[in-house]
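If you want the building blocks of each chain, they are given just below.
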Amino acid sequence: MTPPSGARGTARPATTDPHPAPGKSPLVLSGATVVLPTGPVKNGQVVIEGTRITATAPENAHVIDVTNHWLVPGFVDLHNHGGGGASFTSGTVEDVLRGIATHQAHGTTTLVASTVTGDMDSLAHRASLLSELAEQGDIAGIHFEGPFISPCRKGAHSEALLRDPDPAEVRKLIDAARGQARMLTLATELPGGLDSVRLLAEHGVIAAIGHTDATYEQTVEAIDAGATVATHLFNAMPPLGHRTPGPITALLEDERITVELIDDGTHLHPAALQLAFHHAGARRVAFITDAMDAAGFCDGRYMLGPLEVEVSEGVARLVEGGSIAGSTLTLDRAFKRAVTVDRLPVEDVVAAISANPARLLGMSDRIGSLEPGKDADLVLLDRHFDLKGVMRRGEWVVDPQLG
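Residues numbered from 1 in each chain as written. Predicted model: local features only at pLDDT ≥ 70, side-chain atom pairs only at ≥ 80, totals over all residues. Heavy atoms only, no water.

As a further point, take the overall build of the chain. In terms of helices and strands, the chain carries nine helices and 21 strands. Compactness check: the chain gives a C-alpha radius of gyration of 21 Å against a globular reference of 22 Å for 403 residues, within 12% of the reference. Each principal axis of the C-alpha atoms in the chain carries an extent, and together these give about 65 × 45 × 40 Å. Counting all 403 residues of the chain, 58% fall into the buried class. (Helix = DSSP H or I, 4+ residues; strand = E, 2+ residues; numbered from the N terminus. Rg over C-alpha atoms; globule rule 2.2 N^0.38 Å. Buried < 20%, exposed > 50% of the residue type's maximum accessible area, 1.4 Å probe, protein only.)

Quick look at the structure:
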């Protein structure tokens, strides 16, 4: 296979300084298997100048030998509530930044901050805080999960705060986000659901079907109205039945839908994940974490919105009722599990964890693949798919300490 420019197969000898300061001189990561949109390229290279990937390496470039490693695009998480002991729903700006940094250290170079169900004024206030971080480039936008969801499938959301999706209230959240709303999860079968989907589509916000008790027919109607994402498919929705196929069948069969999957070994049986990949195909899957505060942190008790959560052996459950309450997943673990346990092709995992979510966010011109002109967001993995280095916009977040 002949690698395209920007991922060439000819390695350069390493220079004496394997870790030049960002922006000091061009950098070449050489010798790895580079996963490109066309597939993996052995003995490839990626050239970085400043914050971007470039096509060719100048003579003065510093070269780092990363033979026997994998180079993949930085991970993109559409659905994330926190990490590092910090909550995106209730923490301070410093807390949110700590959570972002935690996930960056695990390979997530682009992250959408997710809220949980709350009262409308609190959510609008939260949107204002998060929108400032989005405007600064710390996050890629805001995902509202609730309060417009079904009490029958509420999961780890406070039933007392749930409400029907009134388009006027949906518009209030969009406005509060000041152009940074990226996605809103709702139960589209509720009164006002379809009108809310249409409103979201008109404003360029992803309408995601989730925490829903919809029938197959109601789900088809919502897709026709403009919904394009299935929030953590299989979870918080009716199971697939042979006489009542429900939302899962409608979401898997429609080419307009991208399905979120949480590949942590708790939320999904491996066969369910394989079913989703078989029917949706790799281009319609987005791996997410649905992470809460304990991701990248430790077991213990936490708050998810107004609800108390117990995290034991890395599994988060509500103290009252025992419902799964998000995850403690990081995307580097999801990547390794998808390749080593689920036996998915590496290029399919890269699509699900980088390219597809980048496309959904309308950011595929900048992120999601290792191509010239795009941001220098990348993850270095060893031969066992353990994370060894993370670069975001040309700067090492996790320095691989090679050379």
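Following the structure, the description resumes.
Looking now at the sheet that holds strand β16 (residues 300-304). A sheet is described by the order of its strands in space; here three strands give the open sequence β16-β17-β18, paired in antiparallel fashion. Across the chains shown, the open sheet's two edge strands, defined by having one partner strand only, are β16 and β18 (315-318). Strand after strand, the sheet turns through a mean of 35° between neighbouring axes, direction not considered. Where strand β17 (residues 307-312) meets β18, four bridges bridge the pair, whose relative direction is antiparallel. Residue Ser312 lies in a different strand from β18, and its bridge partner there is Val315. (Pairing = 2+ DSSP bridges. Axes fitted to C-alpha atoms, helices over the stretch in contact; angles between N-to-C directions.)

Moving on to the packing of helix α8 (residues 331-340) against helix α9 (residues 346-360). Close contact between α8 and α9 brings their axes to 9 Å; oriented N to C, the two are set at 150°. Classified by the interaxial angle, the pair formed by α8 and α9 is roughly antiparallel. When you trace α8 past α9, the crossing you get is right-handed. Together, Leu331, Phe335, Ala338 and Val339 of α8 and Val346, Val349, Val350 and Ile353 of α9 make up the contact between the two elements. Among the residues making up the contact of α8 with α9, the classes are represented as eight nonpolar, no polar and no charged. (Parallel < 35°, antiparallel > 145°, perpendicular 65-115°, else oblique. Left-handed = near helix turned anticlockwise from the far one by under 90°. Contact = heavy atoms within 4.5 Å. Nonpolar A, V, L, I, M, F, W, Y, C, P; charged D, E, K, R; others polar.)

Here we take up helix α6 (residues 246-253). Among the eight residues in α6, six count as buried, and that is most of the element. Every buried residue of α6 is listed here: Gly246, Pro247, Ile248, Ala250, Leu251 and Leu252. Lining the buried residues of α6 we find β12 (206-209), α5 (216-225), β13 (229-230), β14 (258-261) and α7 (270-280).

Tracing the backbone shows Ser327 in the loop between β18 and α8. Spatially, the C-alpha atoms of Ser327 and Gly314 are 7.8 Å apart, while their sequence positions differ by 13 residues. Ignoring any residue separated from it by four or fewer positions in sequence, one finds Ser327 in contact with Ile262, Asp264, His267, Thr289, Asp290, Ala291 and Met292. Within the local environment of Ser327, its side chain forms a polar contact with the backbone oxygen of Thr289, the two atoms lying 2.5 Å apart. (Polar contact = N/O pair within 3.5 Å; in protein donor to acceptor, adjacent residues only side chain to side chain.)

By size, the foremost hydrophobic cluster in this structure holds 91 residues, and its most contacted members are Leu233, Leu261, Phe277, Phe287 and Phe335. Sorting elements by how many residues they give to this core places helix α2 (residues 120-135) first, with eight residues. The residues touching Phe335, leaving out its near neighbours within four places in the chain, are Val72, Phe75, Val346, Val349, Val350, Ile353, Leu381 and Phe385. Among the nonpolar cores identified, the runner-up in size contains 18 residues, and Ala32, Ile48, Leu370 and Met391 belong to it. (Core = buried A, V, L, I, M, F, W, Y, C linked by side-chain atoms within 4.5 Å.)

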